[in-house]
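Listed below, chain by chain, are the residues.
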Amino acid sequence: MDLADAMDDLGAECRERFEAGGAVAAREGEALLSLAGMLAAHVRQWESLAGGLELCGRFDRRRAGALLLESVFDDLLPAAPWRVLAAALAENLAGP
């Protein structure tokens, strides 16, 4: 799922659950995008540090990001916000 679709799902879920659903979705969306940026920065730092280890194999930052999401955020976030975080993290980790 891409980030735009995930944000649409988050908005729909927030509008169903909260009277001020649009405002809640906007706040939650911004917080999730910020969190994804922070997580991506950390994963990139891990990649850099692992690259300096003689005994370390190839570091796959996309896999590291996916494992981080699954191990830490699976039980913390409902489906819609988790999809936003996953899509935003994937976008942040794509490219060089």
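Please read these numbers as outputs of a predicted model, since none were measured by experiment. (Residues numbered from 1 in each chain as written. Predicted model: local features only at pLDDT ≥ 70, side-chain atom pairs only at ≥ 80, totals over all residues. Heavy atoms only, no water.)

Help me understand the confidence of the model for the protein chain in this model?
Note: predicted coordinates in regions of low pLDDT should not be interpreted at a detailed level. For the protein chain, per-residue confidence averages 93 on the pLDDT scale, and 100% of positions sit at 70 or higher. Mean pLDDT values for the elements of the protein chain range from 92 in helix α1 (residues 3-17) up to 96 in helix α4 (residues 79-93). (pLDDT = per-residue confidence, 0-100. Helix = DSSP H or I, 4+ residues; strand = E, 2+ residues; numbered from the N terminus.)

How should I be thinking about the nonpolar core in this particular structure?
Nonpolar side chains in soluble globular proteins tend to be buried together. By size, the foremost hydrophobic cluster in this structure holds 23 residues, and its most contacted members are L10, L39, L69, V84, L85 and L89. Of all elements in the fold, only α1, α2 (21-51), α3 (61-73) and α4 reach the threshold of two or more residues within this core. Looking at which element gives the most residues to this core, the answer is α4, with eight residues. Discounting chain neighbours no more than four positions away, the residues touching L39 are L68, F73, L85 and L89. (Core = buried A, V, L, I, M, F, W, Y, C linked by side-chain atoms within 4.5 Å. Buried < 20%, exposed > 50% of the residue type's maximum accessible area, 1.4 Å probe, protein only. Contact = heavy atoms within 4.5 Å.)

Is there a simple way to think about the environment of D75 in this case?
Following the sequence through the fold, D75 ends up in the loop between α3 and α4. A relative accessible area of 78% places D75 in the exposed class. Taking the C-alpha atoms as reference points, D75 and S34, 41 residues apart in sequence, are found 19 Å from one another.

Which parts of the structure should I look at to understand α3?
The periodicity of an α-helix, 3.6 residues per turn, causes residues three or four places apart in sequence to face the same way. In a regular helix each residue adds 1.5 Å, so 13 residues correspond to 18 Å; α3 covers 17 Å between its end C-alpha atoms and thus fits that length. Looking at α3, one finds that the buried residues are R61, A64, G65, L68, L69 and F73. Looking straight down α3, one finds that the buried residues subtend no more than 135° of arc, so they occupy a single side. Across from the buried face of α3, at angles greater than 90 degrees, the exposed residues are R63 and S71. In this structure, the buried residues of α3 make contact with α2 and α4. In this structure D60 caps α3, since a side-chain oxygen of it lies 3.1 Å from the backbone nitrogen of R62. (Expected span 1.5 Å × (residues − 1). Arc of directions from axis to C-beta. Polar contact = N/O pair within 3.5 Å; in protein donor to acceptor, adjacent residues only side chain to side chain.)

Please explain the packing of α1 against α4 as it appears in this structure.
Working note: a packed helix pair is described by the angle between its axes plus the distance between those axes. Remark: α1 packs on α4, axes separated minimally by 8 Å, with the N-to-C direction vectors making an angle of 160°. Considering their axes alone, α1 and α4 lie roughly antiparallel with respect to each other. Handedness of the α1/α4 crossing: left-handed. Mapping the contact onto sequence places L3, A6, M7, D9, L10 and E13 in α1 and A80, P81, R83, V84, A87, A88 and E91 in α4. Among the residues making up the contact of α1 with α4, the classes are represented as nine nonpolar, no polar and four charged. (Axes fitted to C-alpha atoms, helices over the stretch in contact; angles between N-to-C directions. Parallel < 35°, antiparallel > 145°, perpendicular 65-115°, else oblique. Left-handed = near helix turned anticlockwise from the far one by under 90°. Nonpolar A, V, L, I, M, F, W, Y, C, P; charged D, E, K, R; others polar.)

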